[in-house]
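Structural description and commentary
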Amino acid sequence: MDVNKQPILELKNISKNFRSIQALQHVDFDLVEGEVHALVGENGAGKSTLMRILAGIYTEYEGSYYLDGKEIQFHSPHDALEHGIGMIHQELSVIPELSVAENLFLGRQPVTRWGIIDWRSMEQVAQKELHSLGFDIDVTMPLERFSLGTQQVIEVFRAILSGARVLVMDEPTSALSPAEVKQLIELVKTLKSQGRSIIYISHFLEEVVQVADRTTVLRNGVSVGTLDSQEATVDRLIGLMLGREITRSTHPEEIGSEYQETLLEIKDLNADVFSDINLNVKRGEILGLYGPIGAGHFDLARALFGLYKFDSGSIILDGKTFPHGHSARYAIENGLAYATESRRKSLLLDDAIYRNITMPHLSKIGTLAPQRAKELAAAVPAIQQVNVNPPDPLNPVGKLSGGNQQKVAIARWLTFPPKVFIMSEPTRGMDVGAKSEVLGLLRKFRDEGYGVIVASSEPETILAVCDRIVVMSRGRIVSRLENKNLDKDALMRLI
Amino acid sequence: MNSTKTTVASLVEKLRALPKSSVWARRFAALAPLWTLAALFLFFGLASEGFLRPINLRNILTQVSTLAIFATGMTFVLLLGQIDLGIAAVAALSAMLGAHMFTKMGIPEPWPILSGIGVATLLGLISGVASARFRIPTFMTTLAMQLIAGGLVTYISKGRVITEVSDVAAFLGSGKIGGNDGLPVIVIVAIVMLLLGHVILRYTRFGRYVYMTGANKAAARLAGVNTNRVLIIVMTICGFTAGFAGIISMGRLHSAQPDATESFLIDTIGAVVLGGTSLAGGRGSMLQTVVGLLIYGTLRNGLDNIPTIDIYLKEFITGVVLLIALLINTVFAGREQRDQTI
Ligand SMILES: Nc1ncnc2c1ncn2[C@@H]1O[C@H](COP(=O)(O)OP(=O)(O)OP(=O)(O)O)[C@@H](O)[C@H]1O
Ligand SMILES: [Mg+2]
């Protein structure tokens, strides 16, 4: 990085606490013009908190904030945006029903002199702006017609069109397919070449190493160092993040399955988004369902659990044939567990951790009246098993960092272990440490004789734990393989 | 940090971001509706001699009892993030049907009362099924129910008041236990209803399902909750309480009038929300509804007790005070959620 360049933005000695939790301690951070500055750290390290301060969302903190060399204090995100700082949240804030152009101009639609929205100029400007960044899409179409990746891109453009010269991206790629990730990274590079500055948060360290000019590592709310692009390697970053070494296993250990018995059998399953699905899962194995987003594997997982309607076919679990149109309750009671890819959908953020864990099991905890003491007794071991941090069962889930929320979503199934675990994107949004913990958990389930299904669009996850892999594309199974001598590219070529 | 502006906005900001030392301040904030109630009590106690007299306190309870029965069902509905716009009309139907069967058709009790309540419950069930099965918002189904029930009331009553009610209804609505100065039956009924509602919400699995579904329907479904069934049961409960409130109100007025319960729709929603239960679902409780009811009752009664207030201004003052109370509640309640919603 050019040493004599003045930082456009500087945070000095920032501390922030949430009641008992010290989220940030004396953190320094700066950003120079035209750089991509990555921010990495374990779940709960304080990345999102720091960025929320930077983007004017948290206004109470200790320390000072300089913009263009002058001390400044934002009162709201809007205030920050007026000063050119825009944040793109992980949860998209676009409105799918509106057109691309409307989304781009949300809240600032150009009007004619009669005060009516000037659709024509709005659409023209939108088309032109997108074109200049290499995107040619029909801006009059509703946004929901486009992929998640494109929606993310539109969100980025919106921030730029409202005048952002500093862009904060908090885990922009965690829900994207590999092709979309590539697209986004290209966009980041283009924006950088236009002189904009970007802060990039991600748990995908390969991505980080690829785009970042500098990378700052946070650990437990403390900045433990900023590395230049020459110094930053994945292993170095991991070392700094965790303060210890971990073994990154990219392949499962030798399949130790002494079981042969089939636990779950799926015969000729058909629905609108998938067809002719034949699968079985043995006791003590992890079956991977791999495919790009939209391949139908996530819907297949939902269908098994009774949350997605299928037209024909049968599901047999441990010798028992599920009735057609079974409910989720039936699936749970007969030994299926399901963790969805979207934790926002599966958790009650305002509710205590323990209540989120006992949610599916209330009927087993108290026939009429669930008792708090019993619920706590059931939940606490599960919390410990997945290492939720902080582990206080009375904490609301919404106050946990993203990765720890995910752990809660998984922990809920450990209280009354099922026969088969179905997990969609089990490690989305998790840091390397947590990822390896969760993958370790999956292996443990396998070794204890459960069946596990992992549906994912991340080849790394699939390759790291699955014994067998079923590749899906456009709703059909396109190949079946043993996880031996496979690599990411080989897997991605199959779809 | 140098905060230069001390506008109202930044004051609100401060209240919302209380530092960790002020645990008491947060407790204080969490109980905002209770403080509102205390403030009203203090004010009226000082401003009027009659207000704090036991007989007047009993009056307050009597006055909010009918509202309390409506509010019991409405609390379930709002906790689920739904609405029931039909309660007032359904209550009128329950009363009118009961009175008609008793006086015009000569059917002995308990059949008229049971039929009234039964029909109200059935209408609740129908709204619930229609909303759950066909995904019509309860706003629409219960609006339709309002017209249906209202239409039936007009048809049965031909617009006329029935001025004779059964002894059972009269006892429920205006009887007293322990002589003339004793405890009104209506108050006991209201307390029993609220208590029952409280126990169901707080201590049963079904109550938990209501909160879960109201807070995050997708999450409830993922946990195996049949959210459609929860919706149907809740709408049925609300139909039942509306029907019951209709009978009680008839007993209190000693007549069944087509429009006697009209104002209860707004009052009920107002009282429940005043207690701090959120219209968006998932947040609130029966105890909070009790506080909301008492605020409502205190305000109404207190204004009656200050003779210097122009009676034509009362409605206006009630509205203004309610608005202020709501603002205070939401400013304090919003503080907790703010950080994580973004
Ligand atoms: N609103 C809040 N109230 C209380 N504690 C909070 C709140 N928001 C964050 N925290 C805590 O502050 C710490 C930092 O959280 P933060 O969300 O910044 O982590 P993160 O680095 O973004 O993690 P992740 O990678 O999991 O998203 C965590 O311990 C978290 O539990
Ligand atoms: Mg985060």
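Numbers given for residues are sequential positions, taken from 1 along each chain in its written order. All chains are assigned letters beginning with A, and all ligands numbers beginning with 1, in the order in which they are written. Totals for whole chains, interfaces and linings use all residues, but because this is a predicted model, local features are given only for residues with pLDDT of at least 70 and pairs of side-chain atoms are given and counted only at 80 or more. Based on all heavy atoms of the structure, the side-chain values leave hydrogens and waters out of the count.

**Details of the overall build of chain B**
Rule in force here: Strands here mean DSSP runs of E at least two residues long; helices mean DSSP runs of H or I at least four residues long; both are numbered from the N terminus. When a residue's accessible area, from a 1.4 Å probe over protein chains only, is under 20% of the maximum for its type it is buried; when over 50% it is exposed; and in between it is partly exposed. The criterion used for residue contact is that any of the two residues' heavy atoms lie within 4.5 Å. Method for areas: the Shrake-Rupley scheme with a 1.4 Å probe, in which residue coverage is limited to the protein chains shown.
A tally of helices and strands in chain B yields 15 helices and 2 strands. Per-residue burial for chain B yields a buried fraction of 51% across its 342 residues. Here the analysis covers contacts within chain B between residues at least 6 apart in sequence; of these, 76% occur between residues at least 24 apart. Carbon and sulfur atoms make up 68% of the accessible area of chain B, which amounts to about 16100 Å² in all.

**Here's the deal with the pattern of salt bridges**
Under the convention used in this document: Salt bridge, as used here: a side-chain nitrogen of Lys or Arg that lies within 4 Å of a carboxyl oxygen of Asp or Glu.
Counted under the stated rule, the structure contains 21 salt bridges over all chains. For Asp30 of chain A, the salt bridge identified is with Arg214 of chain A, shortest N-O distance 3.0 Å. Of this pair, Asp30 of chain A sits in strand S2 (residues 21-32) while Arg214 of chain A is found in strand S9 (residues 214-219), placing the two residues 184 residues apart along the sequence. Overall, the relative accessible area of 24% leaves Asp30 of chain A in the partly exposed class. Arg283 of chain B is paired through a salt bridge with Asp350 of chain A; the nearest N and O atoms lie 2.9 Å apart.

**Focus on a positive patch on the surface**
Residues and elements named next belong to chain B. Convention followed: Residues enter a patch when their relative accessible area is above 30% and they make no salt bridge; the linking distance is 9 Å between like charges and 5 Å between nonpolar side chains (Val, Leu, Ile, Met, Phe, Trp, Tyr). Here Asp and Glu are counted as negative and Lys and Arg as positive; His is not counted, and neither are the chain ends. Taken as the charge location is NZ of Lys, CZ of Arg, CG of Asp or CD of Glu.
Taken together, the side chains of Arg133, Arg135, Lys217 and Arg221 define a basic patch exposed on the protein surface. Among the structural elements, Lys217 can be located in helix H11 (residues 217-222). On the accessibility criterion, Lys217 (43% relative accessible area) is partly exposed.

**Comments concerning the sheet that holds strand S15 (residues 320-321) of chain A**
Residue and element names in this part refer to chain A. Put simply, the rule is: When DSSP finds two or more bridges between two strands, those strands count as paired.
If you trace the 4 strands from one edge of the open sheet to the other, you get S12-S11-S14-S15, paired in antiparallel fashion. With one partner strand each, in any of the chains shown, strand S12 (277-282) and S15 form the two edges of the open sheet. As paired strands, strand S11 (residues 262-270) and strand S14 (residues 312-317) are joined by 5 bridges and run antiparallel to one another. Its bridge partner lying in S14, Leu264 is registered against Leu317.

**Digging into the site of ligand 1**
Definition in use: One heavy atom suffices: a residue is near a molecule or strand as soon as one of its heavy atoms comes within 4 Å of it. Under this definition, polar contacts are N or O atom pairs within 3.5 Å; protein pairs additionally need one hydrogen-donor-capable and one acceptor-capable atom, and for neighbouring residues in sequence, both atoms have to be side-chain atoms.
If you check the shell around ligand 1, you find 19 residues, and the closest are Asn43, Gly44, Ser48, Thr49 and Lys399 of chain A. Those chains with residues close to ligand 1 are chains A and B. A distance of 2.7 Å separates an oxygen atom of ligand 1 from a polar side-chain atom of Ser48 of chain A. Lys399 of chain A places a main-chain nitrogen or oxygen 2.7 Å from an oxygen atom of ligand 1. In isolation ligand 1 exposes 630 Å². Once the protein is present, 92% of that is buried. Counting only elements with at least two residues in the shell around ligand 1, the list comes to S2, helix H1 (47-54) and helix H15 (402-411) of chain A. By residue number, the principal contributor to the shell around ligand 1 is H1 of chain A, which donates 3 residues.

**Observations concerning the packing of helix H4 (residues 54-79) of chain B against helix H12 (residues 227-253) of chain B**
Residue and element names in this part refer to chain B. Heads up, the rule is: As a rule, the C-alpha atoms of each element are fitted with a line to give its axis, helices using only the stretch in contact, and angles between N-to-C directions run from 0 to 180 degrees. Roughly parallel refers to an angle under 35 degrees, roughly antiparallel to one over 145, roughly perpendicular to one between 65 and 115, and oblique to any angle outside these ranges.
At a minimum axis distance of 7 Å, the contact between H4 and H12 shows a crossing angle of 170°. Taken as axis vectors, H4 and H12 run roughly antiparallel relative to one another. Between H4, through Thr62, Gln63, Thr66, Ile69, Phe70, Thr72, Gly73, Met74, Phe76 and Val77, and H12, the contact on the second element is made entirely by Val234, Met235, Ile237, Cys238, Thr241, Ala242, Phe244, Ala245, Ile248, Ser249 and Arg252.

**Things to note about empty space enclosed by the protein**
All names here are of chain B. Definition in use: Space inside and on the surface of the protein is sampled on a 1 Å grid over the protein atoms alone, with a cavity defined as a set of points where a 1.4 Å probe fits but cannot get out and a pocket as an open set with protein on both sides within 12 Å along at least 5 of 7 lines; lining residues have an atom within 4 Å of a point. Grid points are joined across faces, edges and corners, and a volume is the space filled by probe spheres set on the points. Note on residue classes: Ala, Val, Leu, Ile, Met, Phe, Trp, Tyr, Cys and Pro are nonpolar, Asp, Glu, Lys and Arg are charged, and everything else, Gly too, is polar.
Within the structure shown, the criterion is met by 7 cavities of 30 Å³ or more. The calculated volume of the largest cavity comes to roughly 60 Å³. In this structure, the largest cavity is lined by Asp84, Gly86, Ile87, Val90, Ala120, Leu123, Gly124, Ser127, Thr142, Met145 and Gly239. Of all the elements in the fold, those that place two or more residues in the lining of the largest cavity are helix H5 (87-104), helix H6 (111-134) and helix H7 (138-157). No other element matches H6, which puts 4 residues into the lining of the largest cavity. Residues of the lining of the largest cavity, tallied by class, amount to 5 nonpolar, 5 polar and 1 charged.

**Some details on the packing of aromatic side chains**
Spelled out, the test is: Each pair of aromatic rings taken from Phe, Tyr and Trp, with Trp reduced to its six-membered ring, is defined by centres within 6.5 Å and is described as stacked if the planes are under 30 degrees apart, edge-to-face if over 60, and tilted in the remaining cases. A ring is scored as having a charge over it whenever the NZ atom of a lysine or the CZ atom of an arginine sits within 6 Å of its centre and within 35 degrees of its normal.
Scanning all chains against the criterion turns up 13 aromatic pairs over all chains. Arranged with centres 5.1 Å apart and planes meeting at 90°, the rings of Phe322 of chain A and Tyr330 of chain A form a pair that is edge-to-face. Given a relative accessible area of 6%, Phe322 of chain A falls into the buried group. Feature note: the residues Phe41, Phe43, Phe44 and Phe51 of chain B constitute an aromatic cluster, connected by ring pairs. Just above the ring of Tyr58 of chain A sits the side chain of Lys16 of chain A; from NZ or CZ to the centre is 4.6 Å.

**Topic: unusual backbone geometry**
Looking along the chain, the bond that leaves Asn389 of chain A and enters Pro390 of chain A is cis, with omega of -5°. With respect to the secondary-structure elements, Pro390 of chain A resides in the loop between helix H14 (372-386) and H15. Cis geometry marks the peptide bond from Glu109 of chain B to Pro110 of chain B, where omega comes out at 10°. With respect to the secondary-structure elements, Pro110 of chain B resides in the loop between H5 and H6. Even without being a glycine, Asp268 of chain A presents a positive backbone phi close to 45°. With respect to the secondary-structure elements, Asp268 of chain A resides in strand S11. Overall, Asp268 of chain A belongs to the partly exposed group, its relative accessible area being 43%. A positive phi angle is found at Asp276 of chain A, which is not glycine, with a value near 50°.

**A closer look at the pairing of S14 of chain A**
Residues and elements named next belong to chain A. As paired elements, S14 and S15 share 2 bridges and run antiparallel to each other. Bridging from a neighbouring strand, Leu317 pairs with Lys320 of S15. Between S14 and S15, which pair antiparallel one after the other, the connecting turn spans 2 residues, and Asp318 there sits at a positive phi close to 50°.

**Describing the environment of Thr415 of chain A**
All names here are of chain A. Structurally, the position occupied by Thr415 is in the loop between H15 and strand S17 (420-424). By relative accessible area, Thr415 is classed as buried at 17%. Residue contacts for Thr415: discarding those within four places in its chain leaves Ile357, His361, Ala378, Ala379 and Ala382. At 3.1 Å, the side chain of Thr415 forms a polar contact with the side chain of His361.

**Quick look at helix H9 (residues 185-203) of chain B**
Heads up, the rule is: A helix is expected to reach a length of 1.5 Å times the quantity of its residues less one.
The end-to-end C-alpha distance of H9 of chain B, which contains 19 residues, comes to 26 Å, matching closely the 27 Å that a straight helix rising 1.5 Å per residue would cover. Within H9 of chain B the residues assigned to the buried category are Val185, Ile186, Val187, Val189, Ala190, Met193, Leu194, Gly197, His198 and Leu201 of chain B.

**What to know about helix H3 (residues 32-47) of chain B**
All names here are of chain B. Going by this rule: Directions pointing from the helix axis toward each C-beta atom define the arc.
Between its first and last C-alpha atoms H3 spans 22 Å; for 16 residues at 1.5 Å apiece the expected length is 22 Å, and the two agree. What H3 keeps buried is the set Ala32, Pro33, Thr36, Leu37, Leu40 and Phe44. Down the axis of H3, the smallest arc covering the buried residues is 145°, so these residues share one side. Residues Leu42 and Leu46 are exposed on H3 and point more than 90 degrees away from its buried face.

**So, a nonpolar patch on the surface**
Residue and element names in this part refer to chain B. A contiguous nonpolar patch, built from Phe134, Ile136, Phe139, Met140 and Leu143 and spanning about 480 Å² of accessible area, is present on the exposed surface. Element by element, the count of residues in the nonpolar patch is highest for H7, at 3 residues. The residue Leu143 is located in helix H7 in this model. By relative accessible area, which is 32% here, Leu143 ends up partly exposed.

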